[in-house]
Amino acid sequence: MFGLFRDWRRRRWLARARIPAADWRATVARLPLLAGLSPAELERLRDLATLFLRDKALEPAGGLALTPDMGPLIAAQGCLPILNLGLDYYRGWRSIILYPEGFLAHHEYTDATGLVHSVHRPLIGEAWERGPVILSWADIVATLDEAGLNVVIHEMAHKLDMLTGEVNGLPPLHRDMAIADWSRAFTAAYQSLCRDVDRGRPTALDPYAADSPGEFFAVISETFFETPAVVAASYPEVYRQLRAFYRQDPLARLPASGRLPAASDPPGPTPGCG
Ligand SMILES: [Zn+2]
């Protein structure tokens, strides 16, 4: 009953507040990673993005002046991972805090001796458990044409990971998936990446993914949507798990767009994402 009422409210909202067609076309034109989506999928993404902007509050910070293109551009990227999952996967949080550029995040942690440390480190994105997503607008724009990097999808992947109550690279899997298969694929890939990073070898993924299993999931999720061939070639088992989780196959739709990083131009390191 509650679900029916919610669906009715969503349909009513879409009927009167859908992102205007011209704005949506302009948004899609700026996002090469949407190439290959069918017209029906793009319309579904437009609906999701419209509802995302209804449910989430875009809050400017650091002197940023919001412009009308910002919401749709963030929503379109943010909703791509849940295109076949639904908006409920982003339940439990509301704010998207948008800074003009990278920001200093303040963290406190207690070490083994009980001493509380207070640190500030520069970030371009951050996701808080049951709290806001924080993004740098300059970095969103700067990576639009940089195949492989996507700070919005990165932070949304953290949100999906957090649905289980832990940030460990294991989002809530579907019934037709097995945690054992996921763990096997991800553990092998993560350990392989960490070895490459430790030995100073070139890596297919942004080396920041070696920071933790949670960061590995976020980085490989953005790579999965941006340059799926990189994931499929380097970590085919992980590709299969991501395809099953996101219920999408970017590799099947993206080759026609030619969106592959040049061999001499691997994705650069991301200057810190929470
Ligand atoms: Zn991160």
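To start, this report covers the structure provided alongside it. In this text the structure is predicted, and so the values were computed from the model without any measurement.

The subject of this paragraph is the overall build of the chain. A tally of helices and strands in the chain yields 11 helices and 6 strands. When the 274 residues of the chain are sorted by exposure, 49% land in the buried category. Here the analysis covers contacts within the chain between residues at least 6 apart in sequence; of these, 69% occur between residues at least 24 apart. With an accessible surface of roughly 13100 Å², the chain has 56% of that area assigned to carbon and sulfur atoms.

Relative to strand β2 (residues 95–99), strand β1 (residues 57–60) runs parallel, the two sharing 4 bridges. Bridging across to β2, Leu 58 finds its partner in Ile 96. Taken together, β1, helix α4 (residues 70–79) and β2 form a β-α-β motif whose crossover is left-handed.

Turning our attention to the coordination of the zinc ion. Taken together, the protein ligands of the zinc ion are His 154 (NE2), His 158 (NE2), Glu 215 (OE) and Glu 215 (OE), with distances of 2.1 to 2.7 Å. Taken together, the 4 donor atoms coordinating the zinc ion span angles of 53 to 146° at the metal, a pattern that classifies the geometry as irregular. All donors of the zinc ion belong to a single chain; written as a sequence motif, their spacing is H-x3-H-x56-E. One end of the pair, His 158, is in helix α6 (residues 151–162); the other, Glu 215, is in helix α8 (residues 213–226), with 57 residues separating them in the sequence. The exposure class assigned to Glu 215 is buried, which follows from its relative accessible area of 7%.

Cut-offs used in this document
- Residues numbered from 1 in each chain as written.
- Predicted model: local features only at pLDDT ≥ 70, side-chain atom pairs only at ≥ 80, totals over all residues.
- Heavy atoms only, no water.
- Helix = DSSP H or I, 4+ residues; strand = E, 2+ residues; numbered from the N terminus.
- Buried < 20%, exposed > 50% of the residue type's maximum accessible area, 1.4 Å probe, protein only.
- Contact = heavy atoms within 4.5 Å.
- Areas by Shrake-Rupley, 256 points an atom, 1.4 Å probe, with all protein chains shown as cover.
- Pairing = 2+ DSSP bridges.
- Right-handed = clockwise from strand over helix to strand, strands pointing away.
- Donors = N, O, S within 2.8 Å, 3.2 Å for Na, K, Ca; no water.
- Tetrahedral: all angles 85-135°; square planar, octahedral: opposite > 155°, others 65-115°.

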